[in-house]
Amino acid sequence: MSEFQAAWQRAWRDSEEYRRLRSPQEVYRQRFFTVHCHSDYWDPVFRQRWNFNPTSLAPNQVIIDRRIVGHTWCPRWMVTPSLIEADDESVWRDLALRPAYRAGIAAKRARLLSVLDSAYRLAPQDAWLAGQSVRFHLEALDVPHALEAAATCRAAAAWCAALAGLVHTRAGAIVSADSAFTVMRRAMSDSARCQWDDVVELLTPTEQEPYRTIGCGQRIVMAERLWWLADPLWRDPGNARRAEHDARRTEIALRLTTAQDERLVFDRARGGESVAAMIVRYGWPTYRTWLGRSGDREHDRYVQEELRGVQTPPYTSFEYALDRAHTVPTWRAVTDPFRAVPGDWQLAAEDSTGHPSATQWPAEHFKPARRLVALPDGQTITVRRQSFVEVVSALTLSHPAQLRSSERFDVMLLASNGPDKVDSLDRQWAAGGDTVRLRGRLAGGATLLAIEAAGPATTPLDARTRFGYAAPQPLSALAADEPAMSEIALLSTLDPGLLLAPTDTVLRNLRPTRTLAAEDRRLTVYWESYNVSAADSAQVALRVVPTEKAGALRELGNRLRLLDDPTEGVEVRWNDHERRDGQSTLAGPIPAQMRAVALDVGQLRPGSYTIEVEMRRRDGRSSVQRATITLLP
């Protein structure tokens, strides 16, 4: 094996020498400083001496760890998307070699595999032989023989299952990979699983502190929750992000049995833990540049003389293409998922045209099979029925990549209450720029809602939004004399007949956003009241005030009045018998009154406003709901 690794490294070194001599000076200069990311990298004296400003990197975000003095890594986005006689080596290691070397290396690998497989047939219980056979068949892009090697494994059950999971993951068979890794976890001892499911490397430095305080059993519980939330698309069977994480851990375990791989040092005494941490977070890089033998010598000298550190040549950059997605949410969302907001997931940084941008570096990422982008927040509301709660969600497929596509997207509304508990509520097909309105039934209680839009096979683009939602209980859970209201729904302008006698079909007019443009200041406010009958002659108050003043609303009398400054807000009051709002009653053990009011906010200044609706019965019992809108200039 060492002979093959030496041959591979020679071919790679020669390939990198060829590229280095042909690289533009500025590209080489950026890569030079990426390789030289020592502990003094951010020191102003260092930057002044070398006339270098590391604008593409950020301290405390990029440097993985310095468990061994002088042994640091600065993974980053690609310096340039174009490579000289090379391609994405995370897909196939040999793409790091010039094409002229690949056939010769493939022949040497085949000879190595012949020796490994012969020994493995005689000792299928040998974990090292099983692992190396799987590894090198995968590096030869020979998935069938890699699967055969994993199936032949007679070593520890957990290890054999991990090897099978690795092969399935690399083959793109995520469901099979999930099944294999599930078998692996079941075969592990509690302590081994706790170590395997440690997700500390996927968290930001501030998030790592509270995580380290919890015990082993709780870490396993939190890891299961994290992978539920990090699943790229709930509509797809299997969890591609978790499978990738398990595959990375398996690949690291394969390499920990050797002191040095083709280019990476995995020996713990020489900083191998930081190498493993980087791969757990980001996987195998797209490209790694090498500064040549002279660069290694200079680097060795600097590490030894300036930092008194450990020498670990060859020294390279670690560059990743922008086709990665960051699906692990904030730790706050993991600890309290049903209060998560869409912003707890930051899939990728983008420019104004919706293309991936190198402006942010996440705590982790992976390469999905298809590009994954974020949908806008939209508007989601619920109304209560006797035995269920109906949820209605509206948004526009407005991501620039969707607008550029001529295809239609398969859009689904999903609800999930935990790992492996996903319900499909509604489904529609829509084109980029279309507004979709999805409806479904919930049992009530806290849940996570998701809207996922999958492009067809010809359009490798998927989009999603995901958020926690506290749905109310059905009307059957409401006390017989307890007044209640639905959430406030903002609708587009209704025709007069529907405005006077609304039905629940008006929710087909749910606006896809709570943000109103300057030319769009007319809307309909819709809500439902429960246990408030027409005979109650309830008093209704509708207020619109700047959000920062919403806590100090003033009482202004019983009839239509404006605030002192009509550009600041408005309040309307009426009694039910005055019929200022349109009403219809949905009969049932607990009747639901559907109410709609046309509202013109054209006089209000741009900004954030709170709409508040309060209903008070003659017995003094009341119910209040609020919604926020934003008026653009």
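What counts, and where the lines are drawn
- Residues numbered from 1 in each chain as written.
- Predicted model: local features only at pLDDT ≥ 70, side-chain atom pairs only at ≥ 80, totals over all residues.
- Heavy atoms only, no water.
- Core = buried A, V, L, I, M, F, W, Y, C linked by side-chain atoms within 4.5 Å.
- Buried < 20%, exposed > 50% of the residue type's maximum accessible area, 1.4 Å probe, protein only.
- Helix = DSSP H or I, 4+ residues; strand = E, 2+ residues; numbered from the N terminus.
- Contact = heavy atoms within 4.5 Å.
- Pairing = 2+ DSSP bridges.
- Axes fitted to C-alpha atoms, helices over the stretch in contact; angles between N-to-C directions.
- Disulfide = S-S within 2.5 Å.
- 1 Å grid on protein atoms, 1.4 Å probe; cavity = no way out; pocket = protein on both sides within 12 Å on 5 of 7 lines; lining within 4 Å.
- Points joined across faces, edges and corners; volume = space filled by probe spheres on them.
- Nonpolar A, V, L, I, M, F, W, Y, C, P; charged D, E, K, R; others polar.
- Parallel < 35°, antiparallel > 145°, perpendicular 65-115°, else oblique.
- Left-handed = near helix turned anticlockwise from the far one by under 90°.
- Phe/Tyr/Trp six-rings, centres within 6.5 Å; stacked < 30°, edge-to-face > 60°.

*Asks:* Can you help me understand the nonpolar core in this one?
*Replies:* One recurring pattern in soluble globular proteins is that nonpolar side chains are buried together. In terms of nonpolar packing, the biggest core is built from 43 residues, with Trp-8, Ile-105, Val-134, Cys-153, Leu-163 and Met-184 touching the most fellow members. Of all the secondary structure elements, the ones that give two or more residues to this core are helix H1 (2-20), helix H4 (99-122), helix H5 (127-139), helix H6 (143-152), helix H7 (157-170), helix H8 (174-187) and helix H12 (240-255). The biggest single contributor to this core is H7, with nine residues. Apart from the residues lying within four places of it in its own chain, the contact partners of Trp-8 are Arg-93, Asp-94, Ala-96, Leu-97, Ile-105, Arg-109, Glu-262 and Arg-263. Listed in part, the 36 residues of the second largest apolar core include Ala-223, Ala-276, Tyr-282 and Trp-345.

*Asks:* Would you mind going over the sheet that holds strand E6 (residues 408-418) with me for this structure?
*Replies:* Strand pairing in a sheet takes place through backbone hydrogen bonds and is either antiparallel or parallel in direction. With mixed pairing, the five strands of this open sheet are ordered in space as E3-E10-E9-E6-E7. Edge positions in the open sheet fall to strand E3 (371-374) and strand E7 (421-431), since each of these has one partner strand only. Neighbour-to-neighbour, the strand axes of the sheet open up by a mean angle of 25°, direction not taken into account. Inspection of the sheet shows strand E9 (residues 445-454) paired to strand E10 (residues 461-471) by 10 bridges, in the antiparallel sense.

*Asks:* Hey, could you run me through the state of the cysteines in this one?
*Replies:* Two cysteines form a disulfide when their sulfur atoms are joined by a covalent bond. Taken as a whole and judged by the stated rule, the model has one disulfide. Disulfide pairing is shown between Cys-153 and Cys-160; the S-S distance is 1.9 Å. Between Cys-153 and Cys-160, the S-S torsion sits near -65°, and that sign places the bridge as left-handed.

*Asks:* Could you clarify how one ought to interpret the side chain of Arg-135 in this entry?
*Replies:* Mapped onto the secondary structure, Arg-135 falls in helix H5. Ignoring any residue separated from it by four or fewer positions in sequence, one finds Arg-135 in contact with Gln-5, Leu-254, Arg-255, Asp-261 and Glu-262.

*Asks:* I'm lost on the layout of surface pockets in this one. Help?
*Replies:* Any empty space left between the atoms is revealed when a probe the size of a water molecule rolls over them. In this structure, the second largest pocket encloses a volume near 1100 Å³. Considering the residues around the second largest pocket, the lining is formed by 39 residues, among which Thr-169, Arg-170, Gly-172, Glu-244 and Lys-367 are closest to the centre. Take the lining of the second largest pocket: its biggest share by element is six residues, from H12. Classifying every residue of the lining of the second largest pocket by side-chain character gives 19 nonpolar, six polar and 14 charged.

*Asks:* Sorry if this is basic, but what is going on with the packing of H12 against helix H13 (residues 272-282) here?
*Replies:* Helix packing geometry: the angle between the two helix axes and the distance between the axes. Put simply, H12 and H13 touch, their axes get as near as 8 Å, and they point 160° apart. One element, H12, and the other, H13, form an angle in the roughly antiparallel class. Relative to H13, H12 is oriented so that their crossing is right-handed. Taken together, the residues of H13 that come into contact with H12 (itself represented by Arg-241, His-245, Arg-248, Arg-249 and Ile-252) are Ala-276, Ile-279, Val-280, Arg-281 and Tyr-282.

*Asks:* How should the pairing of strand E20 (residues 607-616) be read in this particular structure?
*Replies:* Regular strands place their side chains on alternate faces of the sheet. Within E20, seven of the 10 residues are buried, which leaves the element mostly enclosed by the surrounding structure. Across eight bridges, the pairing between strand E15 (residues 539-546) and E20 is antiparallel. Across the sheet, Val-545 pairs through a bridge with Thr-610, a residue of E20. One ladder, built from 10 bridges, connects E20 with strand E21 (residues 622-631); its direction is antiparallel. Within the sheet, the bridge partner assigned to Glu-612 lies in E21 and is Arg-626. Between E20 and E21, which pair antiparallel one after the other, the connecting turn spans five residues, and Gly-620 there sits at a positive phi close to 95°.

*Asks:* Would you mind showing me how to read the packing of aromatic side chains here?
*Replies:* In this description, a pair of aromatic rings is defined by centroid distance and the angle of the planes. Inspection of every chain in the model, using the stated rule, returns 10 aromatic pairs. For the ring pair Phe-4 and Phe-136, a centre distance of 5.7 Å and an interplane angle of 90° mean the geometry is edge-to-face. Here the residue Phe-4 occupies a position in helix H1, and Phe-136 occupies one in helix H5, the gap between them amounting to 132 residues. When sorted by exposure, Phe-4 lands in the same class as Phe-136, which is buried. Between Trp-12 and Trp-290, the aromatic rings sit 5.7 Å apart at their centres with planes inclined by 40°, giving tilted as the arrangement. On the criterion of sequence distance, the pair formed by Trp-12 in helix H1 and Trp-290 in the loop between H13 and helix H14 (292-305) is long-range, its members being 278 residues apart.

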